[in-house]
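Structural features, examined
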Amino acid sequence: MSNICYLINERQKLLFDPKYVHTLRSNQTLSFEISRYTTVQSESKYATTAIDIDSNGEYLLSGDSVGAVSIHQINELNVHSCNELKPACYEPKTGHKFNINSIKWFPKDTGIFVSGSSDKSVQVWDTNEMSAVEKFKFSGHVYDAQLSSRGGKTSHLIATAISNHQVKLCDMKSGGDTHTLRGHTAAVNNVIWSNRNAYALISAGRDGKIIMWDIRRSNAAVHYFDQFNGKSEKAHNGSVTSLSQTEGGIFLLSSGQDEQVRCWDMTNGENTFTNFGSAACPDVKSVGATVSFNACYPGLLYLPNGSDISVYDILSGQHITDLSGHFGRINAVCFNRVIPQLYSCSGDCTILLWEPPSPESSNEEADGSIPKETSYQDTWSDSEDDS
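Residues numbered from 1 in each chain as written. Predicted model: local features only at pLDDT ≥ 70, side-chain atom pairs only at ≥ 80, totals over all residues. Heavy atoms only, no water.

Details of the overall build of the protein
We apply this condition: Runs of E in the DSSP output that reach at least two residues are strands. Runs of H or I that reach at least four are helices, and both are numbered from the N terminus. For every residue, the accessible area (1.4 Å probe, protein chains only) is compared with the maximum for its type, and the residue is labelled buried under 20%, exposed over 50%, or partly exposed between those bounds. Throughout, a residue-residue contact means that at least one pair of heavy atoms, one from each residue, lies within 4.5 Å. Note that accessible areas follow from Shrake-Rupley with a 1.4 Å probe, and for residues the cover is restricted to the protein chains shown.
For the protein, the count of helices and strands is three helices and 30 strands. Going through the 387 residues of the protein one by one, you find that 51% of them count as buried. Long-range pairs, those at least 24 residues apart, make up 49% of the contacts in the protein between residues at least 6 apart in sequence. Surface accessibility of the protein: about 17700 Å² in total, with carbon and sulfur atoms responsible for 48%.

Re unusual backbone geometry
Its identity as a non-glycine residue notwithstanding, lysine 120 has a phi of 70 degrees, on the positive side. Looking at where lysine 120 falls in the secondary structure, it is placed in the loop between β9 (109-117) and β10 (121-126). You can call lysine 120 partly exposed: its relative accessible area is 34%. The phi dihedral of histidine 165 is positive, around 75 degrees, even though this residue is not glycine. Note that histidine 165 resides in the loop between β13 (157-162) and β14 (166-171).

Here's the deal with the pairing of strand β28 (residues 330-336)
What counts is decided by this rule: At least two bridges found by DSSP between two strands is the condition for calling them paired.
Across the seven residues of β28, seven count as buried, placing the element largely inside the fold. Strand direction decides the pairing type here: β28 and strand β29 (residues 341-346), joined by six bridges, are antiparallel. Pairing of asparagine 336 across the sheet is with glutamine 341, part of β29. What sits between the antiparallel neighbours β28 and β29 is a turn of four residues.

A short note on the packing of aromatic side chains
Worth spelling out the cut-off: By convention, a stacked pair of Phe, Tyr or Trp rings (six-membered ring in the case of Trp) has centres within 6.5 Å and planes under 30 degrees apart, an edge-to-face pair has planes over 60 apart, and any other such pair is tilted.
Counting across every chain of the model gives eight aromatic pairs. Centre to centre, the rings of phenylalanine 32 and phenylalanine 335 are 6.2 Å apart; their planes meet at 45 degrees, and the pair counts as tilted. In this pair, phenylalanine 32 sits in the loop between α2 (18-30) and β1 (33-34) while phenylalanine 335 sits in strand β28, placing the two residues 303 residues apart along the sequence. The class for phenylalanine 32 is buried, based on a relative accessible area of 7%. Both rings, one in tyrosine 59 and one in tryptophan 105, keep their centres 6.4 Å apart while their planes meet at 55 degrees; by these two values the pair is tilted. Of this pair, tyrosine 59 sits in strand β4 (residues 59-64) while tryptophan 105 sits in strand β8 (residues 100-106), placing them 46 residues apart in sequence.

Some remarks on the pattern of salt bridges
Note the cut-off: Any carboxyl oxygen of Asp or Glu within 4 Å of a side-chain nitrogen of Lys or Arg constitutes a salt bridge here.
The full count for this structure, using the stated rule, is four salt bridges. The salt bridge involving lysine 209 is made with glutamate 233; its shortest N-O contact spans 3.5 Å. Of the two residues, lysine 209 sits in the loop between β17 (200-205) and β18 (210-214) while glutamate 233 sits in the loop between β19 (221-224) and β20 (240-245), which places them 24 residues apart along the sequence. Looking at lysine 209, the relative accessible area reads 9%, which means it is buried. Of the residues examined, glutamate 233 reaches a relative accessible area of 36% and is grouped as partly exposed. When the shortest N-O distance is used, the salt bridge between aspartate 214 and arginine 216 registers 3.1 Å.

Comments concerning the sheet that holds β18
To keep things clear, this is the line we draw: Where helices are involved, their axes are fitted lines through C-alpha atoms of the stretch in contact, as for all axes, and angles between N-to-C directions lie from 0 to 180°.
Here we have four strands laid out as an open sheet, ordered β16-β17-β18-β19, and antiparallel in their pairing. Of all strands in the sheet, those with a lone pairing partner are β16 (188-193) and β19, marking the two edges. Taken pair by pair, the neighbouring strands of this sheet meet at an average axis angle of 25 degrees, ignoring direction. Here β18 runs beside β19; their pairing, made up of three bridges, is antiparallel. In the sheet register, isoleucine 211 faces β19, and the bridge partner there is tyrosine 224.

Some details on the sheet that holds strand β25 (residues 300-305)
Spatially, four strands are ordered β24-β25-β26-β27 in an open sheet, and the strand pairing comes out antiparallel. On the outer flanks of this sheet lie β24 (290-291) and β27 (319-324), each paired with one strand and no other. Inspection of the sheet shows β25 paired to strand β26 (residues 308-313) by six bridges, in the antiparallel sense. Among the inter-strand pairings, leucine 301 is bridged to a residue of β26, identified as tyrosine 312.

Some details on the pairing of strand β30 (residues 351-355)
Of all five residues in β30, five are buried; the element is thus mostly enclosed. Residues Ile351, Leu353 and Glu355 point to one face of β30 and Leu352 and Trp354 to the other, with burial holding for every one of them. Examined bridge by bridge, β1 and β30 share two bridges and lie antiparallel to one another. Bridge pairing in β30 links isoleucine 34 to tryptophan 354.

Considering the environment of phenylalanine 113
You can see phenylalanine 113 is positioned in strand β9. Relative accessible area serves as the criterion here: at 0%, phenylalanine 113 is assigned to the buried category. Linking phenylalanine 113 and glutamine 123, residues 10 residues apart in sequence, is a C-alpha distance of 8.4 Å.

A word on the nonpolar core
Filter applied, for reference: Here, the term nonpolar core denotes a set of buried Ala, Val, Leu, Ile, Met, Phe, Trp, Tyr and Cys residues that are joined through side-chain atoms within 4.5 Å.
Formed by 15 residues in total, the largest nonpolar core has its most connected members in Leu169, Trp193, Leu201 and Trp213. Elements that contribute at least two residues to this core include exactly β13, β14, β16 and β18. One finds Phe251, Cys263, Phe276 and Ala280 within the second-largest nonpolar core, a separate group that totals 14 residues.

Here's the deal with the side chain of aspartate 52
This is how it is decided: His is not counted, nor are the chain ends; Lys and Arg add positive charge and Asp and Glu add negative charge. As used in this structure description, the phrase polar contact means that two N or O atoms lie within 3.5 Å; if the pair is within protein, one of them must be able to donate a hydrogen and the other to accept it, and residues adjacent in sequence are counted only when both atoms belong to side chains.
Inspection of the secondary structure puts aspartate 52 in strand β3 (residues 48-53). Of the side chains bearing the opposite charge, lysine 104 lies closest to the buried aspartate 52, which forms no salt bridge; the N-O distance is 4.1 Å. Here tryptophan 105 takes part through its backbone nitrogen, which lies 2.9 Å from a polar atom of the side chain of aspartate 52. If near-sequence neighbours (up to four positions away) are discounted, aspartate 52 is found in contact with Tyr59, Leu60, Leu61, Ile103, Lys104, Trp105 and Cys334.

Note that all results are geometric; they support no functional claim without further evidence.
Dropping the structure here:
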């Protein structure tokens, strides 16, 4: 009996061991497949163009090509039983007339979200009323609208990427524009707030430039990312089509019309020259890429590539796999930070859920064995005792 108690006690210790959890989550993010049990239903007959998941992993927010908005509750799915995930809220009359290019939850509060559209506007929403409470109008199409996840003094600012070569900051408190950032010579595709500095903003445009801004300065452009780490201002040859960053903001990932993915070291702003191979579709339009969280350091890049999702190891550039299931161009992907799930939306008018294989389909989980280290994981020791 004592041996059995000892075995149970050791097993319980293992389940909470950081190295075990690290390896388990790494394997889970590597083995995504289309959910066998959950189908995401839609009230709209049009393509979903933008998605987002709140930080608590409770609600999936989406916008479509005619300006409609949907909210799905995703935290109450029955494990290993069939789920038809229908919208908890659907609002076809949003005030947007055209394509919603970006839709984002307010950090740590699902009572507010923002949307940016090709109708040259950004709207701030009251989720409870499913109505817009503030609207910002611009002279160009809005391709991206982002809120800072760090909160603090910049939590009320919306960074917008506009087709008229400008980045504008909108103040939700005053209802007006506070900054206009000029430096691009073509339409701006993407903006992203840095995870390292609350005042740092990064933009990417169809001119091939990626610019870091310090919004506290009058001459706000502080760094132009150069693919050769020289004196050029070009990060890509052609349009920059996506921006994403790791959880701690150490690495920035970009893809471009030149069919290249680049990894940037945010401690010095330089290209790491990680070889991802020929990685992205030669398209001028932006796509919503994402990075895995709470997995192996520093994570995996999920990059829409036509009708597939290409998965890459950020450190080595290794092409891990392609996730295939859509029949149209994938517009965006979004990673659930709470549990290992990935959502994708496409021009085929579907939203797909990707998750690890079910236990019965995985021999490794079925026999209760400990997950093995993946081929791309580091073998560094967690402590001096392990060496």
